[in-house]
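For reference, the chains in residue letters:
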Amino acid sequence: MRHGKRIGVIIPALNEQDAIGRVLADIPAWADDIVVVDNGSTDATRQVAENAGARVVDERRRGYGSACLRGIDTLHDIDIVVFLDGDYSDHPDEMASLVDPIAAGRADLVIGSRVRGHSTKGALMPQQRFGNWLACQLIRIRYGKRFTDLGPFRAIDRRALDRLGLSEPTFGWTIEMQIKALTAHLDVHEVPVSYRPRIGQSKISGTVQGSLRAGFTILRVILQTAQDRTPRRTLS
């Protein structure tokens with residue numbers, strides 16, 4: 001518990017046996033419920049996570065968003081939900097900077113910005129930086145809100161999260177959350193966070209094909225979410 005609020009942590013994981021133990025070891029002791037969502041690992045991710053004290057649940061439908069949604073469904077009675085990656089690129093020990101503004105009632109959603117924070121050389125690939133910049137520019141043009149990152153390390157009020165009706169099964173889930181938070185008039189903040197090279201091979205940004213797929217997915221989610229939220233004209 002943190003400042004009277006119960007904290008849940010969701011960690012999507014796919015073949016992260018070399019990293020997940022370090023991630024869990026760095027999560028602050030005040031986290032009340034830690035859920036690792038195994039998204040079809042073929043290595044020892046589950047065993048390592050369970051040995052480190054996490055609850056492990058399975059989500060066989062592949063996709064970052066699918067894993068996050070599964071984690072949400074299995075959380076215990078929680079006030080604030082934190083999301084972070086299982087590859088040890090995020091810094092779980094910085095979790096308080098995301099949680100505290102929500103616990104104090106100053107924000108509904110807090111996004112950790114790797115761009116505003118300290119990113120170790122080589123941690124953010126050029127294609128990631130460009131994709132983040134482009135997506136943030138499109139959000140600014142469409143919604144008038146300035147973001148610097150689509151970072152996965154974020155925290156959100158549980159009641160606000162339930163209002164958003166998130167459904168995107170892919171890694172476009174993070175931008176869906178940001179857009180829907182704006183259209184729901186949530187109080188959204190960014191805070192600087194640190195970032196380091198992940199342990200293991202990236203499933204997305206580590207390949208040209210993966211980077212292109214990520215770019216198309218981000219654009220699709222932006223356009224689709226904007227269309228879903230645009231008032232439709234009715235014929236009289």
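Anyway, here's the lowdown on the structure attached to this text. Numbering of residues starts from 1 in every chain and runs along the sequence as written. With pLDDT at 70 or above as the cut-off, local features in this predicted model cover only qualifying residues; side-chain atom pairs require 80 or more to be listed or tallied, and sums for whole chains, interfaces and linings still use all residues. Excluded from the side-chain calculations are hydrogens and water; all other atoms, namely the structure's heavy atoms, are used.

## Topic: the pairing of strand S2 (residues 33–38)
Here's step 1: Summarising burial for S2: five of the six residues are buried, a large majority.
Here's step 2: Pairing geometry for strand S1 (residues 7–13) and S2, over six bridges, is parallel. Bridge assignment links Ala 13 to a residue of S2, and that residue is Asp 38.
Here's step 3: Alignment of S2 against strand S3 (residues 55–58), held across four bridges, turns out to be parallel. Within the sheet, the bridge partner assigned to Val 36 lies in S3 and is Val 56. We call a residue buried when its accessible area falls under 20% of the maximum for its residue type, exposed when it is over 50%, and partly exposed in between, using a 1.4 Å probe and counting protein chains only. Comment: elements are numbered from the N terminus, with helices defined as DSSP H or I runs of at least four residues and strands as E runs of at least two. Pairing between two strands is assigned when DSSP locates at least 2 bridges connecting them.

## A look at the pattern of salt bridges
Here's step 1: Any Lys or Arg side-chain nitrogen found within 4 Å of a carboxyl oxygen on Asp or Glu counts as a salt bridge. On inspection of all chains with the given rule, the structure shows 13 salt bridges.
Here's step 2: The closest approach of N and O atoms between Glu 190 and Arg 116, which form a salt bridge, is 3.8 Å. Of this pair, Glu 190 sits in strand S7 (residues 188–192) while Arg 116 sits in the loop between strand S5 (109–113) and helix H5 (126–143), placing them 74 residues apart in sequence.
Here's step 3: Relative accessible area serves as the criterion here: at 14%, Glu 190 is assigned to the buried category.
Here's step 4: Under the relative-accessibility criterion, Arg 116 is labelled partly exposed at 44%.
Here's step 5: A salt bridge links Glu 176 to Lys 180; its shortest N-O distance comes to 2.9 Å.

## Regarding the environment of Tyr 88
Here's step 1: Tracing the sequence through the fold places Tyr 88 in the loop between strand S4 (80–83) and helix H4 (96–103).
Here's step 2: Under the relative-accessibility criterion, Tyr 88 is labelled buried at 11%.
Here's step 3: Along the backbone, Tyr 88 and Gly 21 are 67 residues apart, and their C-alpha atoms lie at a distance of 9.0 Å.
Here's step 4: Contacts were defined at the residue level, with two residues in contact if any of their heavy atoms lie within 4.5 Å. For Tyr 88, the residues in contact, after removing those within four places along its chain, are Ala 19, Arg 22, Val 23, Asp 26, Arg 196 and Ile 199.
Here's step 5: In protein, a polar contact requires one atom able to donate a hydrogen and another able to accept it; more generally it is a pair of N or O atoms within 3.5 Å, and residues adjacent in sequence count only if both atoms are side-chain atoms. At a separation of 2.5 Å, a polar atom in the side chain of Tyr 88 contacts the side chain of Asp 26.

## Brief notes about helix H3 (residues 64–74)
Here's step 1: Along H3, nine of the 11 residues are buried, which leaves the element largely enclosed by surrounding structure.
Here's step 2: Burial in H3 covers these residues: Tyr 64, Gly 65, Ser 66, Ala 67, Cys 68, Leu 69, Gly 71, Ile 72 and Thr 74.
Here's step 3: Among the structural elements, S1, S2, S3, S4, helix H6 (158–164) and helix H7 (173–183) are those in contact with the buried residues of H3.

## Structural notes on the side chain of Asn 39
Here's step 1: Position of Asn 39 relative to the elements: it lies in the loop between S2 and helix H2 (45–51).
Here's step 2: A polar contact of 2.7 Å, which involves the side chain of Asn 39, links it to the backbone oxygen of Glu 59.

## As for the sheet that holds strand S6 (residues 154–157)
Here's step 1: Pairing is mixed across the open sheet formed by seven strands, whose spatial order is S3-S2-S1-S4-S6-S5-S7. Across the chains shown, the open sheet's two edge strands, defined by having one partner strand only, are S3 and S7. With direction set aside, neighbouring strand axes in the sheet form an average angle of 20°. Axis lines are fitted to C-alpha atoms, over the contacting stretch for helices. Their N-to-C directions set the angle, which ranges from 0 to 180 degrees.

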